[in-house]
Amino acid sequence: MVEVSTSILNVEEGKEAETFLALEKGKTDYFHIDVMDGKFVRKNTYKKMLEYASYIKRISNLPLDIHFMVKDVKKAIDDFGVLEPRCMTFHFEACENYDTAIQYIEQIKQYNSKVGIAVKPATEVADIYPILPYAHLVLIMTVEPGRGGQTFMKEMTDKVRQSKVYIDHNDLEVDIEVDGGINLHTARPVKEAGANILVAGTAILKAIDYGEIIRCLKKENGAL
Ligand code: DX5
Ligand code: ZN
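Residues numbered from 1 in each chain as written. Chains lettered and ligands numbered in written order. Predicted model: local features only at pLDDT ≥ 70, side-chain atom pairs only at ≥ 80, totals over all residues. Heavy atoms only, no water.

## Some thoughts on the pattern of salt bridges
Thinking step 1. According to the stated counting rule, one finds nine salt bridges in the structure shown.
Thinking step 2. Salt-bridge contacts for Lys48 lead to Glu13; the nearest nitrogen and oxygen are separated by 3.1 Å. In this pair, Lys48 sits in helix H2 (residues 46-59) while Glu13 sits in the loop between strand E1 (3-7) and helix H1 (16-25), placing the two residues 35 residues apart along the sequence.
Thinking step 3. For Lys48, a relative accessible area of 27% corresponds to the partly exposed category.
Thinking step 4. By relative accessible area, Glu13 is classed as exposed at 57%.
Thinking step 5. Note that Lys57 and Glu84 form a salt bridge whose closest N and O atoms lie 3.0 Å from each other. Residue Lys57 is located in helix H2, and its partner Glu84 is located in the loop between helix H3 (73-81) and strand E4 (87-91); the two are separated by 27 residues in the primary sequence.
Thinking step 6. Of the residues examined, Lys57 reaches a relative accessible area of 36% and is grouped as partly exposed.
Thinking step 7. Look at Glu84 and you get exposed, because its relative accessible area is 57%. (Salt bridge = Lys/Arg side-chain N within 4 Å of Asp/Glu carboxyl O. Helix = DSSP H or I, 4+ residues; strand = E, 2+ residues; numbered from the N terminus. Buried < 20%, exposed > 50% of the residue type's maximum accessible area, 1.4 Å probe, protein only.)

Okay, structure coming up:
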């Protein structure tokens, strides 16, 4: 079953509350929280995303799907872990080595949260094979992390397919999440390649009817 995680990075200021409630009504499966520190990526959304996530935690039972685009992963896990997110995902490129990655994985699990490992477009998914068995999710970036509204990188579809083959061949229980430029057209190839969680920001937030776009993104045949 394909799930949808709506990125709230570019929610219109002043309309946050009504937008979050409308997304809940539109049956998004998760709220995707894009945490940026101004170091791992240029933008800094840290404080705003902590406020948004804390607010959503108060008004909604829908799970938080947190995407750390930060250098100080340890601090971010502690800052956001207290909100009891469903999943906390860090970038492999923010880890000095595999031992550091394992430390982050264990730290996330102490918050009873699922663990996601994200890879930038230039990173081979094979680079994370040694630590994938300890994670619940691989986040395949289909744009360069750092901002919303970018164009989907179609060559990432092969990386999704490669991940799916590896996960199935090794009997791993790992979800494949895709993030960046996902809309009704780009959702189809990545679903066919094996993605089962779609992150979308622009495609959903610009729609008049959130429920309709979320339903269409989830449709198995991806019909428009
Ligand atoms: C980019 C973020 C994505 C982005 C998705 O760094 O990780 O979650 O906000 O937004 P769209 O769907 O507009 O590409
Ligand atoms: Zn994201």
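## What about the packing of helix H6 (residues 184-193) against helix H8 (residues 210-218)?
Thinking step 1. Here H6 crosses H8 at 30°, and the two axes come no closer than 9 Å. Classified by the angle between their axes, H6 and H8 sit roughly parallel to one another. In terms of crossing hand, the pair formed by H6 and H8 is right-handed. Where H6 abuts H8, its residues Leu184, Ala187 and Lys191 lie against Ile213, Cys216, Leu217 and Lys218.
Thinking step 2. Split by residue class, the contact of H6 with H8 holds five nonpolar, no polar and two charged. (Axes fitted to C-alpha atoms, helices over the stretch in contact; angles between N-to-C directions. Parallel < 35°, antiparallel > 145°, perpendicular 65-115°, else oblique. Left-handed = near helix turned anticlockwise from the far one by under 90°. Contact = heavy atoms within 4.5 Å. Nonpolar A, V, L, I, M, F, W, Y, C, P; charged D, E, K, R; others polar.)

## Looking at the packing of aromatic side chains
Thinking step 1. All told, the structure shown has eight aromatic pairs when counted by the stated rule.
Thinking step 2. Aromatic pair Tyr46 and Phe80: ring centres 5.6 Å apart, planes at 75°, arrangement edge-to-face. Note that Tyr46 is positioned in helix H2 and Phe80 in helix H3, a separation of 34 residues in sequence. Across the pair, Phe80 and Tyr46 agree in class, each one buried.
Thinking step 3. With 5.7 Å between their ring centres and 65° between their planes, Phe68 and Phe80 make a pair best called edge-to-face. One end of the pair, Phe68, is in strand E3 (residues 64-69); the other, Phe80, is in helix H3, and 12 residues separate them in sequence. Here Phe68 matches Phe80 in class, with each residue buried.
Thinking step 4. Taken together, the ring pairs connect Phe20, Phe31, Tyr52 and Tyr55 into an aromatic cluster.
Thinking step 5. Sitting over the ring of Phe40, Lys120 keeps its end group 4.8 Å from the ring centre. (Phe/Tyr/Trp six-rings, centres within 6.5 Å; stacked < 30°, edge-to-face > 60°. Lys NZ or Arg CZ within 6 Å of the ring centre and 35° of its normal.)

## Observations regarding the coordination of the zinc ion (ligand 2)
Thinking step 1. Coordination sphere of the zinc ion (ligand 2), protein contribution only: His32 (NE2), Asp34 (OD), His67 (ND1) and Asp179 (OD), at 2.1 to 2.3 Å.
Thinking step 2. The coordination sphere of the zinc ion (ligand 2) comprises six donor atoms, whose angles at the metal cover 72 to 174°; the geometry is octahedral. (Donors = N, O, S within 2.8 Å, 3.2 Å for Na, K, Ca; no water. Tetrahedral: all angles 85-135°; square planar, octahedral: opposite > 155°, others 65-115°.)

## A short note on the nonpolar core
Thinking step 1. Judged by nonpolar contacts, the single largest core of 69 residues is most densely connected at Ile8, Ile33, Phe80 and Phe90.
Thinking step 2. If one sorts the elements of this core by residue count, H2 sits on top with five residues.
Thinking step 3. Tyr30, Leu137, Val143 and Ile197 belong to the second-largest nonpolar core, a separate cluster that totals eight residues. (Core = buried A, V, L, I, M, F, W, Y, C linked by side-chain atoms within 4.5 Å.)

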